[in-house]
Amino acid sequence: MSRLRRNATLRALLVCLAAARAENPRPDILFILADDLRPSFGAAYGDGKSGIATPHIDRLAAASVVFDRAYCQAPSCNPSRSSFMSGLAPDTSKIYWFEADPDEVKMPSIFQALRKSGYVSLGVGKLWHRNPTAEEAALAFSPENGDFFPRDYLQDWGSSEGVARGCAPGVWGCVNGRVLAEQWDDPDHFFDNKVGRVAAEKLEAAGRARRKGKRAPFVLGVGFHHPHLKWHVPRDHWERHANASVGVPKHRIAPEGWPVFAKPDANIGNEAISVDGTLIPSGSLWPLPRAQWTRRPPTWDALLYLRRGYGACVALVDDNVGRVLETARREGLLDNAVVVFSSDHGYALGEHGSWGKGGLYDMHTRVPLLVSAPGVAPRREGRVVGLLDVYPTLLDLA
């Protein structure tokens, strides 16, 4: 598929953007990504069952085109991010899973393309599945970006600057080896807090440059780790978001006879969970062996605590999205800015016996997509779009 092919809905959006461009300079671009975020949260994508409050994302949604049927090109981190970062479909890039990584030379990212068109290119956090090498970062980002953060980080429990406790039965706040709520004096111990802080600092620097008369537009990519596993949150955040769940799945067991290629990842194991030091049998959360898909759902307590862990992480992302947007607003950088918020794919939390991604259900493939732009009236859009459309849309806009 050509990089320049795009959906008709986003073409129509570009007509409005082109009209706005006639009276304004080239817009700044703020591209914010979550990981494993299903469109079931807050007011923007609430279905009446979600207890996840996302006031900052809701505020962005109120000023955006909210796409109700946006889909990824592959329901897994590496192929999806490789696709929308390069504008190439998996059948063109040949990145279907984790067999290869994107090549910034052969597959220039949206950041490199915008940099070549005159933008100051900035980025922080988890944008690709793996962190760019120093050479790749030098191609994608402008010198103003400095050293790319992170060079490396512990995806399981925190950033490379801090080491968390292990998560094991009997540890307070540990659930199934996947959720860990803990108190930590340094907020930056939690990866997404550091991403939010560094992104805010880059926006403050952009604001200072603008006040000094530097008019070059900028693009800033901000990649949050959550709600990807492990669900690692501050202890007070876990307690504050006690109702942060995503409702109860209607269908909790896998269908009989479904094809092998439709079976998703198994991100959650068959372990006992502990909350406040109390052991709770988890039931069967994924199949052992993989060839025999289980039809025995997890226990009720296990299901609720795991979904609460996911929800608390969504709320943590929302806190940091608010931090980034408020900094941009305070620096006067939102008046002529395009803001895009999305995720690399969806995520299943017990529906049809699925815990994770990689499947072909709507919950695996559908993503939130918000686009706020000058001259574009907020609305809900029900036509189908894909993350692959973002690259050419932003290039045409710039």
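Residues numbered from 1 in each chain as written. Predicted model: local features only at pLDDT ≥ 70, side-chain atom pairs only at ≥ 80, totals over all residues. Heavy atoms only, no water.

Draft legend 1. Looking closely at the overall build of the chain. Looking only at helices and strands, the chain has 11 helices and 17 strands in total. For the chain, the residues scored as buried account for 61% of the 398 residues in total. In the chain, once contacts between residues fewer than 6 apart in sequence are set aside, the share between residues at least 24 apart is 76%. Surface accessibility of the chain: about 15,900 Å² in total, with carbon and sulfur atoms responsible for 54%. (Helix = DSSP H or I, 4+ residues; strand = E, 2+ residues; numbered from the N terminus. Buried < 20%, exposed > 50% of the residue type's maximum accessible area, 1.4 Å probe, protein only. Contact = heavy atoms within 4.5 Å. Areas by Shrake-Rupley, 256 points an atom, 1.4 Å probe, with all protein chains shown as cover.)

Draft legend 2. Spotlight on the environment of valine 371. By secondary structure assignment, the location of valine 371 is in strand 15 (residues 366-372). Looking at valine 371, the relative accessible area reads 10%, which means it is buried. Between the C-alpha atom of valine 371 and that of valine 390, which follows or precedes it by 19 residues, the distance is 9.8 Å.

Draft legend 3. Molecular detail of the packing of aromatic side chains. The tally for this structure, following the rule as stated, stands at 11 aromatic pairs. Centre to centre, the rings of tryptophan 97 and phenylalanine 98 are 5.2 Å apart; their planes meet at 75°, and the pair counts as edge-to-face. Here the aromatic cluster, defined as three or more aromatic residues joined through ring pairs, consists of Phe111, Trp128, Phe141 and Phe148. For arginine 308, the ring lying beneath its charged end belongs to tryptophan 238, and the centroid distance is 3.9 Å. Stacked on the ring of tyrosine 45, the Lys or Arg arginine 380 has its end atom at 5.8 Å from the ring centre. (Phe/Tyr/Trp six-rings, centres within 6.5 Å; stacked < 30°, edge-to-face > 60°. Lys NZ or Arg CZ within 6 Å of the ring centre and 35° of its normal.)

Draft legend 4. Representation of the pairing of strand 2 (residues 65-71) in the model. Bridging between strand 2 and strand 15 involves 5 bridges; their strand directions are antiparallel. The residue of strand 15 that forms the bridge with tyrosine 71 is arginine 366. Bridging between strand 2 and strand 16 (residues 379-381) involves 3 bridges; their strand directions are parallel. Opposite valine 66, over in strand 16, you have arginine 380 as the bridge partner. Across 2 bridges, the pairing between strand 2 and strand 17 (residues 385-386) is parallel. Considered in strand 17, the bridge of alanine 70 is made with valine 385. (Pairing = 2+ DSSP bridges.)

Draft legend 5. Up close: helix 11 (residues 390-397). Burial within helix 11 is extensive, with 6 of its 8 residues counted as buried. Where helix 11 is concerned, the buried positions are Val390, Tyr391, Pro392, Thr393, Leu394 and Leu397.

Draft legend 6. Seen up close, a nonpolar patch on the surface. Together, Tyr96, Trp97 and Phe98 line one region of the surface with nonpolar side chains, adding up to about 330 Å² of accessible area. Here phenylalanine 98 shows up in the loop between helix 4 (90-93) and helix 5 (110-116). The partly exposed category is assigned to phenylalanine 98, whose relative accessible area is 41%. (Patch = residues over 30% accessible without salt bridge, like charges linked within 9 Å, V, L, I, M, F, W, Y side chains within 5 Å. Salt bridge = Lys/Arg side-chain N within 4 Å of Asp/Glu carboxyl O.)

Draft legend 7. Quick peek at the side chain of glutamate 104. Here glutamate 104 lies in the loop between helix 4 and helix 5. Buried glutamate 104, no salt bridge; nearest opposite-charge side chain is lysine 116, N-O distance 7.9 Å. Here serine 109 takes part through its side chain, which lies 2.7 Å from a polar atom of the side chain of glutamate 104. Leaving out residues up to four positions away in the same chain, glutamate 104 has contacts with Ser109, Gln112, Trp128, Glu136, Leu139 and Ala140. (Lys, Arg positive; Asp, Glu negative; His and termini not counted. Polar contact = N/O pair within 3.5 Å; in protein donor to acceptor, adjacent residues only side chain to side chain.)

Draft legend 8. Molecular detail of the pattern of salt bridges. Counting across every chain of the model gives 18 salt bridges. One salt bridge connects glutamate 351 with arginine 38, and the closest N-O pair in it is separated by 2.7 Å. Of this pair, glutamate 351 sits in the loop between strand 13 (348-349) and strand 14 (355-356) while arginine 38 sits in the loop between strand 1 (28-34) and helix 2 (55-62), and the two are 313 residues apart along the sequence. Residues participating in the shared-partner salt-bridge network are Asp35, Arg81, Lys126 and Asp344.

Draft legend 9. Spatial organisation of helix 2. The complete set of buried residues in helix 2 reads Ile57, Asp58, Leu60 and Ala61. Looking straight down helix 2, one finds that the buried residues subtend no more than 160° of arc, so they occupy a single side. (Arc of directions from axis to C-beta.)

Draft legend 10. Region of interest: the nonpolar core. By size, the foremost hydrophobic cluster in this structure holds 50 residues, and its most contacted members are Ile32, Val222 and Phe341. Contributing elements (two or more residues each) for this core: strand 1, helix 2, strand 3 (120-125), helix 7 (191-211), strand 8 (218-223), strand 9 (231-234), helix 9 (300-330) and strand 12 (337-343). When residues in this core are grouped by element, the largest group, 12 residues, is from helix 9. Among all residues touching phenylalanine 341, those that are not within four sequence positions of it are Ile32, Ala34, Leu37, Phe41, Ile57, Leu60, Val321, Pro368, Leu369 and Leu370. If you look at the next biggest cluster of nonpolar residues, it comprises 35 residues, including Ile29, Cys72, Val367 and Ala373. (Core = buried A, V, L, I, M, F, W, Y, C linked by side-chain atoms within 4.5 Å.)

Draft legend 11. Representation of unusual backbone geometry in the model. The amide bond that connects phenylalanine 149 to the next residue, proline 150, takes the cis arrangement and shows omega of 5°. Looking at the element boundaries, proline 150 is found in the loop between helix 6 (134-140) and strand 4 (153-154). If you check the backbone angles, aspartate 36 has positive phi at about 65° while not being a glycine. Assignment of secondary structure puts aspartate 36 in the loop between strand 1 and helix 2. Positive phi, close to 65°, is recorded for lysine 94, a residue that is not glycine. With relative accessibility at 48%, the residue lysine 94 sits in the partly exposed group.

Draft legend 12. Up close: the pairing of strand 8. By the criterion of burial, strand 8 is predominantly enclosed, with 6 of the 6 residues buried. The sheet contact formed by strand 1 and strand 8 spans 5 bridges and is parallel. Bridge pairing in strand 8 links leucine 33 to glycine 223. Here strand 3 pairs with strand 8 via 6 bridges, running parallel. Its bridge partner being in strand 8, glycine 123 is matched across the sheet by glycine 221.

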